[in-house]
Amino acid sequence: DSGVTQTPKHLITATGQRVTLRCSPRSGDLSVYWYQQSLDQGLQFLIQYYNGEERAKGNILERFSAQQFPDLHSELNLSSLELGDSALYFCASSVNTDPGSPLHFGNGTRLTVT
Amino acid sequence: GESVGLHLPTLSVQEGDNSIINCAYSNSASDYFIWYKQESGKGPQFIIDIRSNMDKRQGQRVTVLLNKTVKHLSLQIAATQPGDSAVYFCAESATETSGSRLTFGEGTQLTVNP
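Tell me what's going on with the packing of aromatic side chains, and back it up with residues and numbers.
Here the structure, examined in full by the defined rule, presents 11 aromatic pairs over all chains. Between Tyr35(A) and Phe45(A), the ring centres sit 5.6 Å apart and the planes meet at 65°, which makes this aromatic pair edge-to-face. Taken together, the residues Tyr35(A) in strand β4 (residues 31-38) and Phe45(A) in strand β5 (residues 42-50) connect sequence positions 10 residues apart. Overall, Phe45(A) belongs to the buried group, its relative accessible area being 6%. Taking the centre distance of 5.8 Å and the plane angle of 80° together, the rings of Phe105(A) and Phe104(B) count as edge-to-face. Residue Phe105(A) is found in strand β10 (residues 104-105), and its partner Phe104(B) is found in strand β10 (residues 103-104); the two belong to separate chains. Of the residues examined, Phe105(A) reaches a relative accessible area of 2% and is grouped as buried. Counting every residue linked through ring pairs, the aromatic cluster contains Tyr35(A), Phe45(A), Phe90(A), Phe105(A), Tyr36(B), Phe46(B), Phe89(B) and Phe104(B).

In structure tokens, the structure reads:
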């Protein structure tokens, strides 16, 4: 068990809808990362937060947004969903933003858009 | 753009044999590397990491080798067991450009035959 908790485990929704994915980092970790894993793209970095502030952005669509709250949990909001958004969404956390801080991953949320 | 990739998508070995999983990276500025194991239905699990000032690091039954000259990384698993069957990802970060966020390779499916 990595200590990173993601909810829900599965989510099925229709195109055009909006969903929120939730992540609780490991105790003591200040940095949270969101990754998308699809069959044809592998693990793609979306966005990183550190202690409530956005730290880095990757291949995140404008329809997607995220935030990290004062209690350090994070939410990833996906709106105007398309079929191609179906994927596994992983949250990871690390102690800080120092290079060399291993990322610890949750078990993901499987999103299916129908 | 810069990317991390794997030479082989699949690897099949006999139980008890040693396994070697390879990874090539293209970013010469990468200075931190990690191997993750991902089992079906779970998130990536940290196995071992190595910094660019080292060329070898050993863990329990695993060894990571780094050859910066040819930008090559490998994971050696000794006495491979059925429980080692999973997808293995290498990942890298470059301190100055990406901080602590990781770029992942495509993954290698390791199958251990009894």
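Lay out the layout of surface pockets with the relevant residues and their values.
There is about 1100 Å³ of room inside the largest pocket. If you go around the largest pocket, you meet 45 residues; those closest to its centre are Phe90(A), Gln38(B), Glu39(B), Lys42(B) and Gly43(B). Among the elements that line the lining of the largest pocket, the one with the most residues is strand β11 (residues 109-113) of chain A, at four residues. When the residues that make up the lining of the largest pocket are grouped by side-chain class, the tally is 15 nonpolar, 22 polar and eight charged.

Requested: an account of the pattern of salt bridges, with residues and values cited.
Evaluated as defined, the whole model comprises five salt bridges over all chains. Residues Glu82(A) and Arg63(A) are paired through a salt bridge, measuring 3.7 Å at the closest nitrogen-oxygen approach. Taken together, the residues span a long stretch of sequence, with Glu82(A) in the loop between β8 (74-78) and β9 (87-94) and Arg63(A) in the loop between β6 (53-57) and β7 (64-68) at a distance of 19 residues. For Glu82(A), a relative accessible area of 44% translates into the label partly exposed. As a salt-bridge pair, Asp49(B) and Arg57(B) come within 2.3 Å of each other at their nearest N and O atoms.

Tell me what's going on with unusual backbone geometry, and back it up with residues and numbers.
All names here are of chain A. Here the bond from Thr-7 into Pro-8 is cis, since omega is -10°, no more than 30 degrees from zero. Positionally, Pro-8 belongs in the loop between β1 (5-7) and β2 (10-13). The phi angle at Asn-51 is positive, at roughly 50°, despite the residue not being glycine. Considering the arrangement of structural elements, one finds Asn-51 in the loop between β5 and β6.

Quick notes on the rules
Here the residue numbers are simple positions, counted from 1 along each chain's written sequence. The naming scheme follows written order: chains are lettered A onward, ligands numbered 1 onward. Only residues with pLDDT of 70 or above have their local features reported here, since the model is predicted, and side-chain atom pairs are shown and tallied only from 80 upward, although totals for entire chains, interfaces and linings are computed over all residues. Side-chain metrics rest on all non-hydrogen atoms present in the structure, leaving aside hydrogens and water. For Phe, Tyr and Trp, rings pair up if their centres lie within 6.5 Å, where Trp contributes its six-membered ring, and each pair is then called stacked (planes under 30 degrees apart), edge-to-face (over 60) or tilted (otherwise). Only runs of H or I of at least four residues qualify as helices and only runs of E of at least two qualify as strands under DSSP, and these elements are numbered from the N terminus. Accessibility here uses a 1.4 Å probe with only protein chains present; expressed as a share of the type maximum, an area under 20% marks a residue as buried, one over 50% as exposed, and anything in between as partly exposed. Here a cavity denotes a set of grid points, spaced 1 Å apart and computed over the protein atoms alone, in which a 1.4 Å probe fits but from which it cannot get out, and a pocket denotes an open set meeting protein on both sides within 12 Å along at least five of seven lines; residues with an atom within 4 Å of a point are reported as lining. Grid points are joined across faces, edges and corners, and a volume is the space filled by probe spheres set on the points. In this classification, Asp, Glu, Lys and Arg are treated as charged, Ala, Val, Leu, Ile, Met, Phe, Trp, Tyr, Cys and Pro as nonpolar, and every other residue, Gly included, as polar. Here, a salt bridge means any Lys or Arg side-chain nitrogen found within 4 Å of an Asp or Glu carboxyl oxygen.

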